[in-house]
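Inside the fold
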Amino acid sequence: MQSARWPQEIRALIAREWQQLRSFQASDRPWQMPLTAALATGLPLLIAAWTGQLGYGLLSSLGGMAFLYLPATPMHHRMVTIMACSFGLIASFTLGLLSQLLPLAAAPVLTVITILVTMICRFYRLPPPGSYFFVMVAALAAYTPVPVLQIPLRVGLLAMGSLLACVLAFGYSLHVLSQRTPRPIQALPAADFDFVVVAALIIGLTVGLSLLLAELLQLERPYWVPVSCLAVLQGASLRAVWNRQFQRLLGTALGLLLTWAVLSLPLNAWSVALLVMLLSGVVETLVVRHYGMAAVFITPMAILLAEAAHLGQGSASSLIEARFYDTLAGGLVGLLGGLSLHRPPLRQGISRLIRRVLPHKDNS
């Protein structure tokens, strides 16, 4: 009898996964938002293509990711939020660059950055993408070799991209708020030690562990592993973590095929800029509706932003193969972290251990 149940359970599992995979969420996001997000990431690249400095444009384009944190609240709250997030991106990027000055510092620095930004995002209930882009720019900075004297230049370029994002956010908000009533500013609930501190420590240590694994495996671009790990950990429950891992792997696999097709084209600075703008707009249209579908387009966009300055220095197939294994490694570590984060016995044991080490005061 027990063995006869297995086919039924497997069929039920497949049916649930298929239903989850084909489900799209409703969204009231205005169409102008993906368009402005495309401008925030693409305008620096268009300027860079015009001046012949694609590498500089890619750095500023990363700063343009600050626009994605714009809330649908009144103007003053919108601008305070996006300017604070811009500062966070600049600080994370700077710390990532500085970690190159000390051997073996990348993993500890990225762990600390992940813990701090996750605590802040959870304390202020910052919605998705949450800590994702702060960690991504820090990881990219840590593994992009740069002479010490060029660190201020690179920080300044990313800061200029963030400033452009703030300007675009102001113009976009003026337009949208003239047509839509802003959402009320929600009062912050009392800070919970487990939700803010314990979860942030679990997430940060898991991300650091994924980077150590990437370094032990001597991966050529280790930064992709912790970024993939954090993307999986952002699920709000163990089921959500599994769904994000499954959809990310499937979306990444399809996205790598799309990346292969893109890299097969005769790319130049202008085509890279236009492709990034197109992909950014598509991602921001889809990500609130279906994460797996958005991951198909996130993959080529992220690879272009991270690797466009090095196109032509290696084969597209080797790059795509490396990114797939990086995503798989990060996702598996993320699943382990998700177990610690969302399985009550494991989380309670970790919480008790942390409470013994860290002084705290419960609000209850």
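Our subject is the structure that appears above.
A quick note: this is a predicted structure, and the numbers were derived from the prediction, not measured. (Residues numbered from 1 in each chain as written. Predicted model: local features only at pLDDT ≥ 70, side-chain atom pairs only at ≥ 80, totals over all residues. Heavy atoms only, no water.)

1. What about the overall build of the chain?
- On a plain count of helices and strands, the chain comes out with 14 helices and 0 strands.
- The 364 residues of the chain split such that 48% are buried.
- For the chain, the accessible area works out to roughly 18200 Å², and carbon and sulfur atoms hold 70% of it. (Helix = DSSP H or I, 4+ residues; strand = E, 2+ residues; numbered from the N terminus. Buried < 20%, exposed > 50% of the residue type's maximum accessible area, 1.4 Å probe, protein only. Areas by Shrake-Rupley, 256 points an atom, 1.4 Å probe, with all protein chains shown as cover.)

2. Notes on the packing of aromatic side chains
- For the structure on display, the rule yields 5 aromatic pairs.
- The interplanar angle of 85 degrees and the centroid separation of 6.4 Å between the aromatic rings of Y69 and F133 together place this pair among those described as edge-to-face. Of this pair, Y69 sits in the loop between α3 (54–63) and α4 (75–98) while F133 sits in helix α6 (residues 132–142), and the two are 64 residues apart along the sequence. A single burial state applies to Y69 and to F133, both of which are buried.
- Clustering of aromatic rings is evident, with ring pairs tying together Y69, Y132, F133 and F134.
- Sitting above the plane of the F195 ring, R122 keeps its charged end 4.5 Å from the centroid. (Phe/Tyr/Trp six-rings, centres within 6.5 Å; stacked < 30°, edge-to-face > 60°. Lys NZ or Arg CZ within 6 Å of the ring centre and 35° of its normal.)

3. A look at the state of the cysteines
- The final tally for this structure, using the stated rule, is 0 disulfides.
- Here C85 is not cross-linked by a disulfide; its sulfur's nearest cysteine counterpart is in C121, at 6.9 Å.
- Its relative accessible area of 6% is what places C85 among the buried residues.
- A relative accessible area of 9% places C121 in the buried class. (Disulfide = S-S within 2.5 Å.)

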